[in-house]
Structures are given as C-alpha cells and as structure tokens.
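Chain and residue survey
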Amino acid sequence: MEVVAINQISPDQVILFAWSFVTINATLVYSWLIMALLVIGSLLVTRNLSTDRTLSRWQNLMEVIVAGIRSEIGDMVKEGVNTYFPFVGTLFLFILASNLFTFIPGYVAPTSSLTTTAALSIMVFFAVPMYGIAKQGVLEYLKEYFRPTFIFFPFHVMGEFSRTLALAVRLFGNLMSHEKVIAILLAVTPLFFPVVMQILGLLIGLIQAYIFAILTMVYIASATQSHEETEHKPK
Amino acid sequence: MHIDWFVFFSQIVNLLILMFLLKKFLFGRIVGAMDAREAKIAARFAEAERSQEEAETAAAACERKLQDLEARHEEMLNQARRDAEAYRERLLEKAREEVDFLKNRWSEALRSERENFLQELRQLAGNQIYAITRRVLKDLAGLDLEERIVDVLLTRWVALDEEERRRFLSEGAEGQQITVSCAYEIPADIQRRFQESIVPYLPEDVEVAYERSEDVLSGWELRADGHKIAWSIKDYIDSLEERFYGALQEAAQERKA
C-alpha cells in the first residue's frame, strides 16, 4: 500500500482535502493520528496509576521514559527541570512516535515532511529566547548576542537561524531518505533487505528523536545558563 | 520540496495542543505518581532507619541488661561460694566441737569406768588379800588377823608418848569419843580386848565407839577429833594398783604398736 508515491518527496504532496487556503494532507492526518494515540494512550496508562511498589507494565514504561527525559534535562540544567520538561518531552514523544510507526504499511511519518520539521524547529527557535528571557531577563539575554564583543552579534544571529534550519533539515532528511530507501529497496529486492532497513529505520527514528530533543535542550540550556557559566568560569 | 504554510501553522497549533494534553494527562500524573512513590519510599526508609535505631537502642539496652545480669550472676555465685565456704567452716567447727565433746565425754566415761574398775579391783583385792592373809596367818602361825591388827594398833598407841597421846585426844576437851572404824563388823571379843587394852590410857570421860566403814579398806582406824591412828592394807593395795595399771598401759601400748 503506497500512500506517498516514489516520485513524491513529502507526504505534504498527498492532499486529501483542499478548500481555499485550507489544505488537509497526509502529514496533518498522520500527525492527528499520532496525537490521538499519544493522548488516548496517556489517558489509558494514567487511568489507574499506582504509587506502591507494584505497577502496570505501561506505567512502568512511561515512568522509564519520563524519568529518562527528566534525567537528561537535569544533566544539562541545574534547576527548572519541570519548566522545560513538558516542551522537550512533547517534542521527543511526538517525534519518537511518528518515527517508530514507520514499520506499519501505509503509514507515513509526519516528520518526513519538511513542513512538520520546520514547524518543530520554529517552535524551538521561539522557545529558546522565551526560556532565556524568562530566566535571565531581556537585557541579560540580549547581552549574550554581544559576547564576547559586539562583532559576534551577526554570527550569533546567523547561528540561531542556521541551527534552526539544521534541526528541520536533519530530521526531515533522515526520515525522508529512509522512506525513499525503503521504497526503492522494495522495488528492487522485495525480500529480506527491506526488513533489515525497517529495523535500521526504527533505530534511526529513535536516534533522531533523541537528537532533536537533546539539541533543543542544549539550546535552551545555553540560553538560560551561558551567562552564569561565563561568570563562574575559573580564570 | 515546499512548505505548506497552512499545514505549518496547523502543526504548530497541533504541537501546542499536544503539549498541553500530555502535560495534563501524562507528565503531570506520571511525575505525581513518581513523586508520591518517592515520598513513600523516603518515608519507609525513614521508618526503617527509625526502626533500626530503635532496634539498635533496644539491642544496646539488652546488651547492658545481659551484662548486668551476668555481673549479678557472678556476684551471686561468688556470694554463694562465700556462704557455702562459711557454712562449711561452721559445720566443720561444729563437727569438731561435737567430736571434742564426744571425745571428752568418752574420755571422761573411760576415766570414770577405769576408776570404778580400779576401785572395785581395789575393794576386791583388799578383801581377797585380807582373807588370804587371815587364812595364811591362821594356817601357818595360828594367829588371828584382827587380833594382830589390834596388836599393831595397840603397840602404836602404847608407843605414843604422853604428849602425842594428849594431842591425839585434844587435851582439855570434855566428853570426847574415840571411834574405831573397820571395814568389817568388829567381833565382840575383839572389841572387849581392845577396850581393855586401851582404856587404861584414856581419861575417864572418853568413850570408845565402834563402827563399820567402807572407807577403811581392810584395816582398822582409831580416830579422835581430827587425829587418827590406823593400819590398813591400803598401801599394799596402792602398790598393787600401781603395778597393775602399769601392766595395763604396757599391754595397751603393745597392742597399739
């Protein structure tokens, strides 16, 4: 079952409904599916939470994931784990879920669309200064762009844009290329190799979700703590 | 490769909604459950630590009690040993005293028995010697023992000078009595002969009385106011007794050896 044709590079091109500027394509539909899955799954898992020593498998899994994300965030920031956790956690879970279901025939990862990854990157692009300003104040945050001297301001600005672009293109490129490789392999050697590539795809999807979340956290950490670290750096 | 701006903004809104829902239905609840569990575990750890401290305190108290008990036990044992030693000493002392008492009583009884025996022996020997002497004198010399004794007494009486005789009779005293004692009944003829022989030497107011006395062992005794003239076989008996006692001791020594 082929939703996205081999010559179509993005699920954005699979338009299901269009009216005026409103366009419902495969990217959006699969994103809603993933969202619904995550929310319903969360409701089911957290319906009967146990605070004792015995707990359900799903609760155990979710606790492992949540504790892992919190631990990773905690490694980068000294305080405010709970402030960044919902944002970073949501990005991680959405990208992870989007990537992992690629082994289901007919499913197309929303993250293989540049629109989705751009949306994710733009969110990071705006979230980083928001957290930085919330933590340090506007002036202190803006001063970071002029450190160590004002000459570095354009480079800082370019860095902001380039890393946002890099975030979007890295995720999109990996997922899209993987899907195209699978499609080509299915056409060339329909047995064995596509299965191996699917397994590899699961690993790639996991790693990309991790990278996206970690980089987001690194950017947030650098925006909220760079000045403090500079001040406390031993001479 | 293009970006659909409607989808782009829709995705942003989608993600914001998803973030809100996940925060509400997943992150908050899971973190709350984990925190609650952590608090429970911390409380249990605290409880366990408290219990451990209590147990350690109780163990220390038990250890102290045990040591006290052991010390008291040791003290009681020592006290019991001392009491037993003292009781043993008392028993030994008591036994020693009883042994001494029994020994003394036995010695006393033995001595008394020996004296009784010797007394009886003396009595018996005196009587026998007296009887034998009488018979020997009668058979060999045709003499009477009592008469010979009277002769001896009279000879002694006669041999006394005036001064001694007066002293014997306690001169100046009136109504005196001379008592003649004998272990046997003095025959009347002997009494008469003695009377006839002694009266000439006596003042008129002095009476002569005769009595039988066990104290005078096989002999005669002339007694007046504390003075006496006597003959008996007592000296012979004493000599015999001494020899007899010496022979007994010698036999006892030989048996002991």
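Residues numbered from 1 in each chain as written. Chains lettered and ligands numbered in written order. Predicted model: local features only at pLDDT ≥ 70, side-chain atom pairs only at ≥ 80, totals over all residues. Heavy atoms only, no water.

1. Some remarks on the interface of chain B and chain A
Here is the rule we go by: Residue contacts are counted whenever heavy atoms from the two residues lie within 4.5 Å of one another. Note on definitions: buried area is the accessible-area loss of two parts on being combined, 1.4 Å probe, summed for both. Whenever a carboxyl oxygen of Asp or Glu lies within 4 Å of a side-chain nitrogen of Lys or Arg, that contact is scored as a salt bridge. In protein, a polar contact means a hydrogen-donor-capable atom and an acceptor-capable atom, both N or O and within 3.5 Å, with residues adjacent in sequence counting only if both atoms are side-chain atoms; elsewhere, any N or O pair within 3.5 Å suffices. Asp, Glu, Lys and Arg are counted as charged, while Ala, Val, Leu, Ile, Met, Phe, Trp, Tyr, Cys and Pro are counted as nonpolar; the rest, among them Gly, fall into the polar class.
The interface is formed by 31 residues belonging to chain B together with 46 residues belonging to chain A. Buried area between chain B and chain A, both sides added, is near 3,600 Å², and the carbon and sulfur share of it is 77%. Applying the counting criterion to the chain B and chain A interface returns one salt bridge. Inspection of the chain B/chain A interface yields nine residue pairs in polar contact (both at pLDDT 80 or more). For the side of chain B that touches chain A, the class distribution of residues is 21 nonpolar, four polar and six charged.

2. Section: a nonpolar patch on the surface
The condition that has to hold: Surface patches are drawn from residues lacking salt bridges whose relative accessible area is over 30%; two like charges belong together within 9 Å, two nonpolar side chains (Val, Leu, Ile, Met, Phe, Trp, Tyr) within 5 Å. Surface accessibility in these figures is a Shrake-Rupley result with a 1.4 Å probe; residues are shielded only by whichever protein chains are displayed. Put simply, DSSP marks the helices as runs of H or I at least four residues long and the strands as runs of E at least two long, and each gets a number from the N terminus on.
A cluster of nonpolar side chains, contributed by F146(A), F150(A), I151(A), F152(A), F153(A), F155(A) and M158(A), occupies part of the molecular surface with about 750 Å² of accessible area. Along the polypeptide, I151(A) turns up in the loop between helix 5 (138-143) and helix 6 (153-188).

3. Comments concerning the pattern of salt bridges
Definition in use: Type-normalised accessible area, obtained with a 1.4 Å probe on protein chains alone, sets the label of each residue: buried when under 20%, exposed when over 50%, and partly exposed for intermediate values.
Following the criterion strictly, the structure yields 14 salt bridges over all chains and no others. Among the ionic pairs, R111(B) bridges to E108(B), the shortest N-O distance being 2.7 Å. Of this pair, R111(B) and E108(B) are both found in helix 1 (residues 5-141), three residues apart, which corresponds to roughly one turn of the helix. A salt bridge links R111(B) to E115(B), with the shortest nitrogen-to-oxygen separation between them at 3.5 Å. Separated by four residues within a single helix, R111(B) and E115(B) lie in helix 1, roughly one turn from each other. Residue class for E115(B) comes out partly exposed when judged on its relative accessible area of 43%. Among the charged side chains, a network of salt bridges with common partners joins E140(A), K143(A), E144(A) and R147(A).

4. Side note on the pairing of strand 1 (residues 177-182) of chain B
Residue and element names in this part refer to chain B. For the record, the criterion: Pairing between two strands is assigned when DSSP locates at least 2 bridges connecting them.
Counted residue by residue, strand 1 has five buried out of six residues, so it is predominantly covered. For strand 1 and strand 2 (residues 207-212), the ladder comprises six bridges, and the chain directions are parallel. Residue pairing in the sheet places C182 in a bridge with R212 of strand 2. Here strand 1 pairs with strand 3 (residues 219-224) via four bridges, running antiparallel. Opposite S181, over in strand 3, you have E221 as the bridge partner.

5. What about unusual backbone geometry?
Residue and element names in this part refer to chain A. Residue P148 is reached from R147 by a cis peptide bond, and omega for that bond is -5 degrees. When you line up the elements, P148 lands in the loop between helix 5 and helix 6. A positive phi angle, near 55 degrees, is found at S20, a position not held by glycine. With respect to the element layout, S20 can be found in the loop between strand 1 (15-19) and strand 2 (22-25). The residue F192 is not glycine, and still its phi comes out positive at about 65 degrees.

6. Examining the side chain of S31(A)
Along the chain, the position of S31(A) falls in helix 1 (residues 26-45). By relative accessible area, which is 0% here, S31(A) ends up buried. Here S31(A) is in contact with F94(A), P110(A) and Q11(B), once residues within four sequence places are set aside.

7. Some details on the packing of aromatic side chains
Aromatic ring pairs are reported here in terms of the distance separating the ring centres and the angle at which the planes meet. The line we're drawing: Any pair of Phe, Tyr and Trp rings, taking the six-membered ring for Trp, is counted once the centres come within 6.5 Å. Such a pair is stacked with planes under 30 degrees apart, edge-to-face with planes over 60 apart, and tilted for the rest. The rule is short: NZ of Lys or CZ of Arg within 6 Å of the ring centre and within 35 degrees of the ring normal puts a charge over the ring.
Applying the stated criterion across every chain yields a total of 16 aromatic pairs over all chains. Consider the rings of F125(A) and F161(A), whose centres lie 5.2 Å apart with planes at 35 degrees: the pair is tilted. Of the two residues, F125(A) is situated in helix 4 (residues 114-136) and F161(A) in helix 6; the sequence distance between them amounts to 36 residues. With a relative accessible area of 19%, F125(A) lands in the buried category. Considering the side-chain rings of F8(B) and F9(B), the 5.1 Å spacing of their centres and the 80 degrees angle between planes classify their relative orientation as edge-to-face. Through pairs of rings, three or more aromatic residues link up here, namely Y141(A), Y145(A), F146(A) and F153(A). Across the ring face of Y219(A), the terminal group of R163(A) is positioned such that the distance to the ring centre comes to 4.1 Å.

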